[in-house]
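Residue-level structure breakdown
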Amino acid sequence: MSDEIDTFASPIIPTTMNILLLGSGGREHALAWKMAQSHHCNELFIAPGNPGTAGIGTNLDISVTDFDGIKAACIKHQIGLVVVGPEEPLVKGIYDFFEADPALREIIVVGPSAKAAQLEGSKAFSKKFMQRHQIPTAAYAEFTLDNIEEGKTYIAAHTLPIVLKADGLAAGKGVVIATTHQEALETFDEMLVNKQFGEASSRVVIEQFLSGIEVSVFALTNGMDYQIIGHAKDYKRVGEGDTGLNTGGMGCVSPVPFMDDTFMQKVEERIVKPTINGLAQEELCYHGFVFFGLMNVEGEPFVIEYNCRMGDPETEVVMPRLQTDLVALFAAMDNGTLIDANISYDTRSCATIMAVSGGYPGSYQKNKVITGLDTVNDTPNTLVFQAGTALGQNDVVTSGGRVLAVTAYGENICEAVVTATQRLQKIEFEGMNFRRDIGYEFENK
Ligand code: AMP
Ligand code: GLY
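Residues numbered from 1 in each chain as written. Chains lettered and ligands numbered in written order. Predicted model: local features only at pLDDT ≥ 70, side-chain atom pairs only at ≥ 80, totals over all residues. Heavy atoms only, no water.

1. A short note on the site of ligand 1
As a reminder, the rule being used: Residues are counted as near a molecule or strand when any one of their heavy atoms sits within 4 Å of it. Polar contact criterion, stated in full: a pair of N or O atoms within 3.5 Å, where within protein one must be able to donate a hydrogen and the other to accept it, and residues adjacent in sequence count only if both atoms are side-chain atoms. The Shrake-Rupley method, run with a 1.4 Å probe sphere, supplies the accessible areas, and residue values consider only the shown protein chains as cover. Note on conventions: DSSP H or I runs of at least 4 residues are helices, E runs of at least 2 residues are strands, and numbering of each starts at the N terminus. Here the term charged refers only to Asp, Glu, Lys and Arg, the term nonpolar to Ala, Val, Leu, Ile, Met, Phe, Trp, Tyr, Cys and Pro, and the term polar to all other amino acids, Gly among them.
What surrounds ligand 1 is a group of 15 residues, the closest being Glu207, Leu210, Glu214, Lys236 and Glu305. A distance of 3.0 Å separates a nitrogen atom of ligand 1 from a polar atom in the side chain of Lys165. Here ligand 1 loses 90% of its free accessible area of 470 Å² to cover by the protein chains. For the shell around ligand 1, the secondary-structure elements that each account for two or more residues are β7 (162-166), β8 (175-178), β9 (203-208) and β16 (300-307). The residue inventory of the shell around ligand 1, partitioned by class, reads eight nonpolar, one polar and six charged.

Right, here's the structure in full:
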């Protein structure tokens, strides 16, 4: 599309490529929407995708961890670029699988090696990495069954609240913020002794509680150079006023008012640069997105977590604001010209609001018919990104907890939120729930 900004195009960037995007959520719908606008994108395939991505490219019925199936699709469709949405295939080594196979080696893979993906796959690994590179993060200790008694003593002496984290991937459920020592000790036992998250909780990280405002910052890197491609504030709790259970994310806004030049400079100097330099020094092969989950503690940034992928629903506001051609950025990441990229953003604000199934993040029903999608899709300044949806007999139906995200642009956050809320109210399915207070602390901004 002509309005995509690609002024840094290097001579090595192929004119067009066939692209395979892995994943099936709102994040992938937003990435598909963005990549389809690039004049470097020839055919776009999504595996497995959802009904939303089917409207942009071709869905392939292949699971994100079926590496042999993915290989066959790459060869059949002459794929030049694979973009990995979720963390699971990265932690399971999809990058390394492509590198090790002469038939796949030339394909650009957006995502880190399995070893580097441990930044997300193991809390203990990421904490040690941050310590080695003096990256500000909460104080911590790690425990296994071998030193469980030491862990209990550590908990008993710890100030409240106490943060307990299962070391491995636990589908976003592995973090508990305990407000009493009793609760902390029970959680500790549940994770280590009762193996609440199986192997993922065979090691537990216990961490100091950081009080502040969270923000997610996103960079694209080849392990040497990087570009920051956006940031967002995610609203993780299910209930208004940030109450109730944690979810994958109920909505996002971007830009975040406190992310001014001073704060951003601290983030780059103290966190982003030491992280990328650390990857290079330790020869951790990384070609992809780095998600810095940060806490702003009275104006000072700390790392809460790294993820080796884009956030969801952060992507649903970051991609609509990014004006630079994303496919050209991926090619630049691959050929060492990322440093020359011009990153430019839409000056407008974006808000996205998630419509979730009744009961989520607990148990919920599926197969509820969704109405109003087409009307909202056709409204100016609005984008609907599908997440937990499927094709029913004649309609799009719900198939997950987080069903869809409605993103709107506005002159400020308040306007973007109001528009997104109005549009979302035109969509209906039985049991639909959403937060009406996304961006609440930024009223009039
Ligand atoms: P994580 O999976 O590490 O992102 O943790 C999930 C959520 O728990 C984060 O988004 C924070 O809201 C919260 N959290 C994690 N670590 C801390 C901490 N050290 N202090 C305060 N809140 C935390
Ligand atoms: N929205 C938080 C995440 O993607 O992990």
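2. Comments concerning the sheet that holds β8
Cut-off, in case you're wondering: DSSP-based pairing: two strands are paired if at least 2 bridges between them are found. Each axis is a line fitted through C-alpha atoms, taken for helices only over the stretch in contact, and angles between the N-to-C directions span 0 to 180 degrees.
Spatial strand order, β6-β9-β7-β8: four strands in an open sheet with antiparallel pairing. Taken across any chain shown, the strands that pair with only one partner, and hence form the sheet edges, are β6 (140-144) and β8. Each neighbouring strand pair of the sheet contributes to a mean axis angle of 20°, computed without reference to strand direction. Pairing of β7 with β8, which is carried by four bridges, proceeds in the antiparallel orientation. Looking at the pairing, Ile162 lines up with Ala178 of β8.

3. Overview of the pairing of strand β4 (residues 79-84)
Selection rule: Burial status follows relative accessibility: with a 1.4 Å probe on protein chains alone, a residue under 20% of its type maximum counts as buried, one over 50% as exposed, and anything between as partly exposed.
Burial runs high along β4: five of the six residues are buried. Looking at chain direction, strand β1 (residues 17-23) and β4 are connected through five bridges and run parallel. The partner of Leu21 across the bridge, within β4, is Val83.

4. A few points about the nonpolar core
Quick reminder of the rule: Nonpolar cores were defined as sets of buried Ala, Val, Leu, Ile, Met, Phe, Trp, Tyr and Cys residues, with membership established by side-chain atoms within 4.5 Å. What makes two residues a contact is simply this: any of their non-hydrogen atoms within 4.5 Å.
Of all hydrophobic cores here, the largest spans 74 residues; its most connected members are Leu20 and Leu404. If you tally residues by element for this core, the top one is helix α10 (residues 261-281), at seven residues. When neighbours within four sequence positions are excluded, Leu20 is seen to be in contact with Phe45, Ile46, Ala47, Leu60, Ile70, Cys74, Ile79, Leu81, Val82 and Val83. Judged by nonpolar contacts, the second largest core, of 44 residues, contains Leu21, Cys252, Leu329 and Leu338.

5. A closer look at helix α8 (residues 148-156)
Put simply, the rule is: In this context, the arc is that of the directions from the helix axis out to the C-beta atoms.
Every buried residue belonging to α8 is among Ile148, Gly151 and Ile155, and all of these are buried. All buried residues of α8 fall inside an arc of 50° around its axis, so they share one side. The exposed residues of α8 that point more than 90 degrees off its buried face are Glu149, Glu150, Thr153 and Ala156. Tucked into the core, α8 has its buried residues touching β6, β7, α9 (181-192) and β9.

6. Re a nonpolar patch on the surface
Formally: Patch membership requires over 30% relative accessible area and the absence of a salt bridge. Like charges are linked within 9 Å, and nonpolar side chains (Val, Leu, Ile, Met, Phe, Trp, Tyr) within 5 Å. We count a salt bridge whenever a side-chain nitrogen from Lys or Arg sits within 4 Å of a carboxyl oxygen from Asp or Glu.
Among the surface-exposed residues, Val175, Ile177 and Phe209 lie close enough to one another that they form a single nonpolar patch of about 230 Å² accessible area. Locating Val175 in the fold gives a position in strand β8.

7. Some details on the packing of helix α1 (residues 26-35) against helix α12 (residues 326-335)
To keep things clear, this is the line we draw: Put simply, angles under 35 degrees are roughly parallel, angles over 145 are roughly antiparallel, angles from 65 to 115 are roughly perpendicular, and the rest are oblique.
Where α1 meets α12, the closest approach of the two axes is 8 Å, and the angle between their N-to-C directions is 90°. Between α1 and α12, the angle falls in the class roughly perpendicular. Between α1 and α12, the contacting residues are Leu31, Lys34 and Met35 on the first element and Leu326, Val327 and Phe330 on the second. Residue composition of the contact of α1 with α12, grouped by class: five nonpolar, no polar and one charged.

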